[in-house]
Amino acid sequence: MSSQIRKLRAAAKRLKKAFAEGDDEAVRRLRAEVPAPKQPRHADFLHVIARENGSKSWPELKLDLETREMSRAQRADRLKVALYFGQAWVVRKLLADDPALPNQDFGLQVATYDREAVRRSVDRDPTAATRLVGVRSPILHLAYSHYFRMASDRLDDMERVAELLVAHGADVNDGYAAEPGSDHRISALYGALGHAGNLRLARWLLEHGANPDDDESLYHATELGHTDGLKLLMEFGVSTRGTNALPRALDFNDTEAVRLLLEYGADPNEAVTGHPSGQAVDSIPALHQAARRFCSAEVGALLLDHGADPALMWEGHTAYALARLFGNREIAELLERRGNATALSQVEAALVGCAEGRAPTSPVKSEELSDGDRKLLTQLAGRPGCLDHLKALVAAGLDPNEAEDMGMTPLHVAGWEGLSDHVAYLLTLEPDLALRNAYGGDALGTVVHGSEFCPNAPLHDHVACARLLLQAGAELRPEMVEACGNEEMVLFLEGWEHS
């Protein structure tokens, strides 16, 4: 850490102390940036210091001071990370300070669409178009770059770079290992479409032979907040089979995406065996997914009208029973109207009571619950408005530390979504704050990551969740601050770390 950063943090602490003592000048300085009656937090005093030193925010000032002490190679590595994660303010700062920084390596020239630099490189050495730069080939640096969001006037250059790479041997179907040692490769098409949301580059790749059936792109195209990616892949003949794209669209209650997939031929009963008492093998039937994801009656009707079978079983439940025990009245009432209501078992009735505000008089026996039932808390922890339901399930004996398949506990899920009321309640149950999920995050790390990447982040309060976890004793590690691209979260964590 630079001595200048330490001095500025000390200045923020002095300002905070003077403000607390009622010093007129301290009050004036603070209120110039944080109008009354807001009660300032430590982050606000850091913000004042940043503004007084010519920066828009403390994270920007800190980045400025840190990069001054970095070598050019270190700044280039920081730019590479910012381009990959779409941290626009970091990219703009680094390029404003050193416009030639991408010349540090070929991957950055590609990722910033410098077609003349790329042309010179491949003309001088054609193997540059296919040689790895770090862990990814040049065409993957292009596909996974978010630079198009910051340089909308450079899209023609982006395509010219793609043409140069392919002309010199780059493979539009190139990919890299999802995990070290894994055989599953993440494609350039997924990078452009699912990771970066770059539809123009995705179309270019498809037009030049990219395989739409890459086991990733269709699934993640449902996450873009629009159906343009789905339509693009369908235009190029993508198969829905085995992709779980329909269940993923149901995660978002996305009526248009569901309609589009069904009309294209997605099977709402895919990967289900046995009837009427069999279990799903590879994926959840669409009606069950609609039930547990609180989809609307309109979405449920679309599924039924396209052949969804309400008699199928999953985790021991019909879609109707699952809708009742999750508390999805719209789907339950739709199935009732269509004559598809089914009788509830004793265990189902107890869980339905929790959904309807009636905790059972005695705990449900764990051995009577299906694996899915045991994970009900995790399934509901990320849904707003389910706090009473969570409390009833805990009273019924469900384990509040039960993790789902990727190791996400109810606390992790609630934190990822930024639901501070759920986090506050779950903390009263004394969970293990250091427990790591399969993605490598503990509770606080999951909140910090969610503040940047959770689709619902603008609607919820990740900073409040982080505050609750820190107050409960969660460890704040430096890499959490350094890797976060959410300025508000960085500002809060910086303030907490040095308050």
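Everything here concerns the structure above.
Remember, predicted model here, so these are calculated numbers, not experimental data.

With 140 residues, the main nonpolar core has L165, L303 and L469 as its most contacted residues. Discounting chain neighbours no more than four positions away, the residues touching L303 are L246, L250, V258, L262, P268, A286, L287, A290 and A308. Core analysis: the next-biggest nonpolar cluster, separate from the first, contains 20 residues, I5, A43, A50 and L65 among them.

The final tally for this structure, using the stated rule, is 37 salt bridges. Between R259 and E298 there is a salt bridge, with its nearest N and O atoms 3.6 Å apart. Here R259, found in helix 16 (residues 255–264), pairs with E298, found in helix 18 (residues 297–305); they are 39 residues apart in sequence, far enough to count as distant. For R259, a relative accessible area of 24% translates into the label partly exposed. Here E336 and R329 are joined by a salt bridge, their closest N and O atoms 3.9 Å apart. Residue R329 is classed as partly exposed on the basis of its relative accessible area, which comes to 35%. Residues joined in a network through salt bridges with shared partners are D156, E159, R160, E163 and R200.

Quick look at the packing of aromatic side chains now. Scanning the model with the defined rule gives 9 aromatic pairs in all. Consider the rings of Y144 and Y190, whose centres lie 6.2 Å apart with planes at 65 degrees: the pair is edge-to-face. Highlighted residues: Y144 in the loop between helix 9 (138–143) and helix 10 (155–167) and Y190 in helix 11 (residues 188–195), separated in sequence by 46 residues. Assigned by exposure class, Y144 and Y190 land together as buried. Between F294 and F326, the ring centres sit 6.4 Å apart and the planes meet at 75 degrees, which makes this aromatic pair edge-to-face. In this pair, F294 sits in the loop between helix 17 (286–292) and helix 18 while F326 sits in helix 19 (residues 319–326), placing the two residues 32 residues apart along the sequence. You can call F294 buried: its relative accessible area is 16%. One aromatic cluster is present, formed by Y84, F85, Y144, Y176, Y190 and F453 through successive ring pairs.

Rules of the game
- Residues numbered from 1 in each chain as written.
- Predicted model: local features only at pLDDT ≥ 70, side-chain atom pairs only at ≥ 80, totals over all residues.
- Heavy atoms only, no water.
- Core = buried A, V, L, I, M, F, W, Y, C linked by side-chain atoms within 4.5 Å.
- Buried < 20%, exposed > 50% of the residue type's maximum accessible area, 1.4 Å probe, protein only.
- Contact = heavy atoms within 4.5 Å.
- Salt bridge = Lys/Arg side-chain N within 4 Å of Asp/Glu carboxyl O.
- Helix = DSSP H or I, 4+ residues; strand = E, 2+ residues; numbered from the N terminus.
- Phe/Tyr/Trp six-rings, centres within 6.5 Å; stacked < 30°, edge-to-face > 60°.

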